[in-house]
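Examining the three-dimensional arrangement
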Amino acid sequence: MTGTMSVLLALFTFLAFTSADAKPNAGLKTWGRFSKLPYPGDKAFLYDTFPKDFIWAVGTAAYQVEGAFEKDGKGLSIWDTFTRGGNRMATGDVGSDSYHNIHADIRAIRQLGVSHYRFSLSWSRIFPNGTRGSYNEIGTNYYRTLIKRLKEIRVQPVVTLYHWDLPDHLQQTLGGWSNPGIVGIFKDYADFCFQTFGDDVKYWITIDNPFVVARHGYGTGVVAPGIKNDPDLPFRVGHNLLKAHAAVWHLYDRHYRPRQQGKLSMALASHWIKPSRTRLESLRECQCSLDHVLGWFARPLFTDGDYPTCMKTRLGSRLPSFTQEEREQVRGTADFFALSHGAALSFQLINDSLKFRQQEDLDLRMLLYWVNAEYNKPPIFVVQSGWYVLGNTKTEDPKHMYYLKRFIAEALKSIVIDGVNVIGYTAWSLIDGFEWHREYGIRRGLYYVDFNTPDMKREPKTSATFYRNVIQRNGFPELPENRPAQGIFPCDFAWGVSANSIQVETTPSQFADPSVYLWNISNNGELMRLEGFSAPPLRRTAHCADYATIRQQVNEIRQVGVNHFHFSLNWSALVPTGDVAHPNTTLLGYYRCFTRQLLQANVTPVVTLWHHTLQRSSLPASLDTANKWLNRSDAAFADYARLCYRELGAHVKMWITLNEPNDEIVSYQEGHQMLRAHALAWHAYDDEFRHAQGGQVSLALHMDWVEPAFSFSREDVEPAKRVLDFRVGWFAEPIFGSGDYPLGMRSWLRQLNSLDLPVFNEEDRQLVKGTYDFFAISHFSTKLVTHAKEDSYTYIAMLEVQHMIDTTWIMSPRPVVPWGLRKALNWVKEHYCDVPVYVMANGVQEDPARFKDSLRVYYLYNYINEALKGETTNTHVNTHLLYAYKNINRDTHCTLIIFFLSQGYLLSSYLSL
């Protein structure tokens, strides 16, 4: 491209960024726009890829990683001085020793497969006292070598001129960035860098995060140079930073761009903020918060060369002003929007005074959209993004990995859905290093650095493996298993609704009113009660149709169009004393009527004998003691089951003995007795009732899916299996498998020297084994587990596993992970062959503030679709679906349940209505 064409291109870029379309506060529409996007569909993970020319980068900063602070003629920086003062405990004197480890850094960069590497130049390594007269050839050669090695592996450098490490000489003699005279000195330093490195550099960053430099370097004193005695000084420093950047941009534009064809910008960092109330005033406060952090520097560069109106209004004379000539000099001096986002600023360096009573949030996508709207659609290069882990974390960094996934996924949505021109993404950082004011207390590298080894050994973390895989695939391409299944369920597919319990009347309400009424005497259809008159008592036997609540509930079930209904009996109410010889005959009669009326309405009843809840045991009072199930409750439960089979079995052909007994709060001894209770109840039906009634009996186990946090790591597969053994296999293996507890469960407890797990004698083994007619589970969500311990997540010491979630999952409040259901069903199939499966509970908690239950609709569609996949894929599941209600009473909280039924395979899913 000719020099003339380059100038025209630069002019076009300038005009594009400063056109009349760039309206002040255009970003104010961001919050409203996102609040109107379809929920939860817009929150779902997007499987797609980035543009072919997308920039994948990784980055570092000189002071954090280089070390060699006095080597080969390097001068002191303000960080060399700052870390030796006050109460600071550590320095970056050695850092990650990248100065002596170019080969190791290059190897890591090549392994990642990035196209660009962002690094910063140490000003004091090139000019030890900050000026050209102190030029250091050896220090300069270090960067020449680094750039040469990058070219050899076909990685383009993204070079930052200033990343917080000002030559200390300039701070001591001039006052650093507080002195306007530094503008010319910075320009001369940049001129040398363009001249020396510019032929090989196509992306330049003048200054990194001027907000932190100004506010926290010269205001709060949190970072170097640590000045904090003048509340107005940060604004004067920010003024000088903008002028210095503009001077360098014009220098490059006039003297270097025509030949070198590079692009230049200033890296601006920002948090995100959401309104505390849905009022325009709150939105304006959010806008003002962003203006005080990002707009402070972005508006002068990308809009009109002046500060945001909100800043000028609130700060008044404290904020310096630009002359008209200075405005023209500053505006348009950026070839792209260089955006930093993540741990360097959000939730760490934004204090409450800049939030203006609003709520800080971590949303890169909305920030990208705001930048796009506020500054007239500039190309956005995310030049720093990522999170951090604690300093004791080594190569397994699940927290960092999933935040990285979240940010990359948000950038992808920004491109594909929002139409934002995001041109690149930079994961931060390449290696662990000195983390500024956090010193070595946190780690942000994709590569672990062992600071205790002489060569600062680098090892890839799991986040590095993840990032490499994303780059290789250029995003998250859709796999066949991610696509919705197309097809229909069998014609005999069953639909139903369910309730933990039903509404009960103790006496029939029909014909119970003895009053006498006159009907329709005023032609309005109303009844008029006659005072002083009553009808004689009826001499008739009560009928099931006399119960108004039964009619109401059955009618509402029929209106849904289902043919199955699942509910639970109340053991303590049916047998209050615990003696089945003295049951509550009234309640038994009601249940008998209820099941009969269901059958007459062509609805099949599915009945649970005992429904475990955290709030109450539902055991009869005589058994509800401290020992509960240890108090010979197994035999009592078998007698109770016989009572129910005898009284209700004519109408009930599907029984659940125990619902979710495998709760974490249940002891192994209690669980052992529950297994005996179930087995005794099953044998009672099999021996005494099955021949006449022809029903089926089993128990329902809680089974949320457990996925290895690192799907590409064998070390997390075993912990996932271990959790499933302890949570599901605990009850499943004795009944559906070997007649004993899982081998992995027993061997793990033996390894811990624990004797808590009971031993089956041969009689109990034969009693329990095979006591099923189907496999029933409750499935709500999915968790990730890893063997890597991080303090910020739930760690279970006994199992040596840590629970966590993927931060890209929809939450409400549990994760919505439809594919977890399919994996749970596959687990059952793999372990217990073709046993019929019922998923008796599966659901989501809807936000009561939302008028529409769109989350439930999304949940239903996707979970049902996963069942359909089970039928249409090699799992060979021919599925029938059944919905069933819980408490079909308009005045109560209702729950929708889904059953998937296939050749005796039944899946039921709870969903709150």
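Residues numbered from 1 in each chain as written. Predicted model: local features only at pLDDT ≥ 70, side-chain atom pairs only at ≥ 80, totals over all residues. Heavy atoms only, no water.

Observations concerning the overall build of the chain
For clarity, the threshold we go by: A helix here means a DSSP run of H or I that spans at least four residues, while a strand means a run of E at least two residues long, and both kinds are numbered starting from the N terminus. Exposure classes here rest on a 1.4 Å probe applied to the protein chains alone. A residue is buried below 20% of its type maximum, exposed above 50%, and partly exposed in between. Contacts were defined at the residue level, with two residues in contact if any of their heavy atoms lie within 4.5 Å.
Looking only at helices and strands, the chain features 29 helices and 35 strands. Relative to its 913 residues, the chain shows a buried fraction of 60%. By sequence separation, contacts in the chain at least 24 residues apart represent 76% of the contacts at least 6 residues apart.

A short note on a nonpolar patch on the surface
So the rule is basically this: A residue counts toward a patch only above 30% relative accessible area and without a salt bridge, and it is joined to like-charged neighbours within 9 Å or, for Val, Leu, Ile, Met, Phe, Trp and Tyr, to nonpolar neighbours within 5 Å. What sets the accessible areas is the Shrake-Rupley method with a 1.4 Å probe; for residues, cover comes only from the shown protein chains. Just to be clear on terms, a salt bridge is a Lys or Arg side-chain nitrogen sitting within 4 Å of an Asp or Glu carboxyl oxygen.
There is a patch of nonpolar side chains on the surface, built from Tyr 517, Trp 519 and Leu 527 and spanning about 390 Å² of accessible area. Tracing the chain through its elements places Tyr 517 in strand β18 (residues 515–519). Owing to a relative accessible area of 38%, Tyr 517 belongs among the partly exposed residues under this scheme.

What to know about the state of the cysteines
Put simply, the test is: Disulfides are defined as pairs of cysteine sulfur atoms found within 2.5 Å of each other.
Counted by the stated rule, this structure contains 2 disulfides. The disulfide that involves Cys 288 links it to Cys 310, with 1.4 Å between the sulfurs. Of this pair, Cys 288 sits in helix α13 (residues 280–302) while Cys 310 sits in helix α14 (residues 309–315), placing them 22 residues apart in sequence. In this model, Cys 544 is linked to Cys 593 through a disulfide, with the two sulfur atoms separated by 2.1 Å. Its S-S torsion of about -75° marks the bond between Cys 544 and Cys 593 as left-handed, since a negative value means left-handed.

Here we look at the pattern of salt bridges
Scanning all chains against the criterion turns up 49 salt bridges. Residue Arg 443 pairs with Asp 432 through a salt bridge whose shortest N-O separation is 2.6 Å. Residue Arg 443 is found in strand β13 (residues 442–443), and its partner Asp 432 is found in the loop between β12 (422–428) and β13; the two are separated by 11 residues along the sequence. For the pair Arg 443 and Asp 432, one class covers both residues: buried. Here Asp 634 makes a salt bridge to Arg 676, at a shortest N to O gap of 2.9 Å. Here the residue Asp 634 occupies a position in helix α22 (residues 633–648), and Arg 676 occupies one in helix α23 (residues 668–688), the gap between them amounting to 42 residues.

Considerations on the sheet that holds strand β31 (residues 837–841)
Test applied: Paired strands, in this sense, are two strands between which DSSP finds at least two bridges. Lines are fitted to the C-alpha atoms to define the axes, a helix being fitted only along its stretch in contact, and any angle between axes, read from their N-to-C directions, falls within 0 to 180 degrees.
Within the open sheet, the 7 strands sit side by side as β17-β20-β21-β22-β23-β25-β31. Their pairing is parallel. For this open sheet the edge positions go to β17 (496–498) and β31, each flanked by a neighbour on one side alone. Strand-to-strand twist across the sheet, computed as the mean angle between neighbouring axes with direction ignored, equals 25°. The sheet contact formed by strand β20 (residues 564–568) and strand β21 (residues 604–611) spans 5 bridges and is parallel. For Phe 567, the partnering residue across the bridge sits in β21 and is Val 607. The strands that helix α21 (residues 585–600) touches are β20 and β21; relative to β20, the one it contacts most, it runs at about 165°. Helix α25 (residues 714–736) contacts β23 (696–702) and β25 (775–778) of the sheet and is inclined by roughly 160° relative to β23.

Quick word on α25
Definition in use: One less than the number of residues in a helix, times 1.5 Å, gives the span that helix is expected to have. The angle between axes fitted to the seven-residue stretch ending at a residue and the seven-residue stretch beginning at it gives the bend at that residue.
Here α25 is 23 residues long, yet its end C-alpha atoms lie only 27 Å apart, well below the 33 Å a rise of 1.5 Å per residue gives. Remark: the principal bend of α25, roughly 70°, maps to Gly 729. Buried residues dominate α25, accounting for 17 of its 23 residues.

So, the sheet that holds strand β24 (residues 705–708)
Reading across the sheet, the 4 strands line up as β24-β26-β28-β27 and stay open at both edges, with mixed pairing between neighbours. Only two strands of the sheet have a single partner each, and these edge strands are β24 and β27 (794–796). Taking the axes of each pair of neighbouring strands and ignoring which way they run, one obtains an average angle of 35° across the sheet. Direction of pairing for strand β26 (residues 782–786) relative to strand β28 (residues 801–804): antiparallel, over a ladder of 3 bridges. Bridge pairing in β28 links Thr 786 to Gln 802. Across the sheet, α25 is in contact with β24, β26, β27 and β28; its angle to β24 comes to roughly 165°.

Regarding the packing of aromatic side chains
Aromatic ring pairs: the centre-centre distance and the angle between the two ring planes describe each pair. Here is the rule: Here the aromatic set is Phe, Tyr and Trp, taking the six-membered ring for Trp, and pairing holds for ring centres within 6.5 Å; pairs whose planes are under 30 degrees apart are stacked, those over 60 apart are edge-to-face, and all others are tilted. Two conditions define a charge sitting above a ring: the NZ of Lys or the CZ of Arg must be within 6 Å of the ring centre, and it must be within 35 degrees of the ring normal.
Under the defined criterion, the tally for this structure stands at 77 aromatic pairs. Seen from their ring centres, Tyr 668 and Trp 730 are 5.6 Å apart, and the 90° between their planes marks the pair as edge-to-face. With Tyr 668 in helix α23 and Trp 730 in helix α25, this residue pair connects regions lying 62 residues apart in the sequence. Each member of the pair Tyr 668 and Trp 730 is classed as buried. The ring of Tyr 388 is capped by Lys 399, whose NZ or CZ atom sits 4.9 Å from the centre of that ring.

Side note on the side chain of Glu 846
Convention followed: Think of a polar contact as two N or O atoms within 3.5 Å of one another; within protein, one of them needs to be a possible hydrogen donor and the other a possible acceptor, and neighboring residues in sequence only count if both atoms come from side chains.
Considering the arrangement of structural elements, one finds Glu 846 in the loop between β31 and α29 (854–872). Within the structure, Glu 846 has its side chain in polar contact with the backbone nitrogen of Leu 855 (distance 3.2 Å). Within the structure, the side chain of Glu 846 is placed 3.2 Å from the backbone nitrogen of Arg 856, a separation counted as a polar contact. Glu 846 has contacts with Tyr 39, Ser 812, Lys 852, Asp 853, Ser 854, Leu 855 and Arg 856, leaving out every residue within four places of it along the chain.

A closer look at the nonpolar core
Applied cut-off: Among the buried residues, those of types Ala, Val, Leu, Ile, Met, Phe, Trp, Tyr and Cys that are joined through side-chain atoms within 4.5 Å form a nonpolar core.
Core analysis: the largest hydrophobic core is formed by 154 residues, its most contacted members being Trp 177, Tyr 425 and Tyr 467. Ignoring anything within four residues of it in the chain, the contact list for Tyr 467 reads Trp 56, Ala 57, Leu 112, Val 114, Leu 404, Ile 408, Tyr 425, Thr 426, Ala 427 and Leu 446. Trp 571, Ala 677, Val 768 and Val 801 belong to the second-largest nonpolar core, a separate cluster that totals 99 residues.

A word on the confidence of the model for the chain
Test applied: You can read pLDDT as the predictor saying how much it trusts each residue, on a scale of 0 to 100.
Taken residue by residue, the chain gives an average pLDDT of 89. The fraction at 70 or more is 90%. pLDDT under 50 marks residues 1–20. Its contacts with residues more than four places away, or in other chains, come to 27 contacts.

Brief notes about the packing of α21 against α22
Going by this rule: Throughout this description, any angle smaller than 35 degrees is read as roughly parallel, any larger than 145 degrees as roughly antiparallel, any in the 65 to 115 degree range as roughly perpendicular, and the remainder as oblique. Helix crossings get a hand from a simple test, with the near helix turned counterclockwise from the far one by less than a right angle marking a left-handed crossing and a clockwise turn marking a right-handed one.
Where α21 meets α22, the axes come as close as 10 Å, and the angle between the chain directions of the two elements is 50°. Between α21 and α22, the angle falls in the class oblique. α22 is crossed by α21, and the crossing has right-handed handedness. Two secondary-structure elements touch here, α21 through Leu 588, Tyr 591 and Arg 592 and α22 through Leu 643, Glu 647 and Leu 648.

Quick look at helix α19 (residues 548–560)
An α-helical turn contains 3.6 residues, so a residue and the one three or four places further along point in the same direction. Under the convention used in this document: This arc is taken over the directions from the axis of the helix to the C-beta atoms.
For α19, with 13 residues, the first-to-last C-alpha span of 19 Å sits near the 18 Å given by 1.5 Å per residue. Every buried residue of α19 is listed here: Thr 549, Ile 550, Gln 553, Val 554, Glu 556 and Ile 557. All buried residues of α19 lie within an arc of 160° about the axis, which places them on one face of the element. For α19, exposure combined with an orientation more than 90 degrees from the buried face picks out Arg 558 and Gln 559. Following α19 by one or two positions, Gly 561 has its phi on the positive side, about 85°.

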